[in-house]
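One letter stands for each residue in the lines below.
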Amino acid sequence: MPVPRRFDRRPPERDTTRINERIRVPQVRLIGADGEQLGIVDTPEALKRAQDADLDLVEVAPNNKPPVTRLLDYSKYKYEQEQKQKQARKHQQQVNIREIKLRPKIATHDYETKKGHVERFLKHHDKVKVTIMFRGREQAHPERGRDLLQKLFEDLGGIAVIESAPLQEGRNMSMLLAPSKEVDKLEASASDGEAPAVDGEAPAEAPAPEAPVDEAASAEAPAADAPADDAPAPADAAGDDAPADSTPADA
């Protein structure tokens, strides 16, 4: 048996902006198409001016007395407003809060792995909640958790700022990290195709073109091998000395 469709019974959203004949007040304050103030005029006269200019009479300030209206192309105006809202939503940045859990006695390899996750989250402009989980007698030494959180913050290399200081709640201690301005600098450097500078200095790998060094080394290699090729072989040297030794014998 087919499942019946569920219809949205809510009424459609209606545009509450009053235009043209929907404006039923006797007088309005009129603004021209170019923004000039035309003063208070009768509503029929304002409608006639809108029709003569092939435009709409749009109520822009209904709470004023008399209401403020303007001559404009309402369809074009509405489309431009929708495009502006769409662009505004596109540029809005949604911030997510990720959580990473550590133990006070975490191994070095696990620590490096978790630190890599934190760096990745921060570079995606997400906030990170780092939680230290205590168990049993570990709760008697909360300073170990604080030291671990401070170490993690220092190892991130300046891409994070502490938004919420370490706070212990029951068996857990949490700290909230947020991306710093260095993340934007890293993105800008990556988009330009350049390695980011550290402390105002040029990166160490940038001024190290190794191609010329390899070419020079390859150019010197034949020169070093040439004397070895031109030099007589050991067997040839022995052959050249043999006639010299045999000459006195023949004599």
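Reading the values: the criteria
- Residues numbered from 1 in each chain as written.
- Predicted model: local features only at pLDDT ≥ 70, side-chain atom pairs only at ≥ 80, totals over all residues.
- Heavy atoms only, no water.
- Pairing = 2+ DSSP bridges.
- Helix = DSSP H or I, 4+ residues; strand = E, 2+ residues; numbered from the N terminus.
- Axes fitted to C-alpha atoms, helices over the stretch in contact; angles between N-to-C directions.
- Buried < 20%, exposed > 50% of the residue type's maximum accessible area, 1.4 Å probe, protein only.
- Contact = heavy atoms within 4.5 Å.
- Phe/Tyr/Trp six-rings, centres within 6.5 Å; stacked < 30°, edge-to-face > 60°.
- pLDDT = per-residue confidence, 0-100.
- Arc of directions from axis to C-beta.

### Here we look at the sheet that holds strand β1 (residues 27–31)
- Read from one edge to the other, the open sheet built from four strands follows the order β2-β1-β4-β3, with strand pairing classed as mixed. Two strands close off the open sheet at either side, each with one partner strand: β2 (37–42) and β3 (56–61). Here the average twist between neighbouring strands, direction ignored, is 35°.
- Where β3 meets strand β4 (residues 68–72), five bridges bridge the pair, whose relative direction is antiparallel.

### A closer look at the environment of Glu119
- Tracing the sequence through the fold places Glu119 in helix α3 (residues 108–123).
- Owing to a relative accessible area of 23%, Glu119 belongs among the partly exposed residues under this scheme.
- The spatial distance from the C-alpha of Glu119 to the C-alpha of Val183 is 9.9 Å, given a sequence separation of 64 residues.
- Leave out the neighbours within four places in its chain, and Glu119 touches Asp155, Leu156 and Ile159.

### Regarding the packing of aromatic side chains
- For the structure on display, the rule yields one aromatic pair.
- When the centroid spacing of 6.3 Å and the interplanar angle of 35° are considered together, the rings of Tyr74 and Tyr77 count as tilted. Taken together, the residues Tyr74 and Tyr77, both in helix α2 (residues 74–91) and three residues apart, mark about one turn of the helix.
- When its relative accessible area of 11% is taken as the criterion, Tyr74 is described as buried.

### Brief notes about the confidence of the model for the protein chain
- In the predicted model, the protein chain carries a mean pLDDT of 77, and the fraction of residues at 70 or more is 70%.
- Within the protein chain, the lowest mean pLDDT, 44, falls on helix α7 (residues 234–250), and the highest, 94, falls on strand β6 (residues 127–133).
- Confidence drops under pLDDT 50 across residues 195–204; counting only partners more than four residues distant or on other chains, this segment forms five contacts.
- In this model, residues 211–251 is a region of pLDDT below 50 whose contacts with residues beyond four sequence positions or in other chains number zero contacts.

### What about helix α1 (residues 43–52)?
- Every buried residue of α1 is accounted for by Thr43, Ala46, Leu47 and Ala50. Viewed along the axis of α1, the buried residues span an arc of 100°, placing them on a single side of the element. Exposed residues on α1 whose side chains face more than 90 degrees from its buried face are Pro44 and Asp52.
- The elements touched by buried residues of α1 are β1, β2, β3 and β4.

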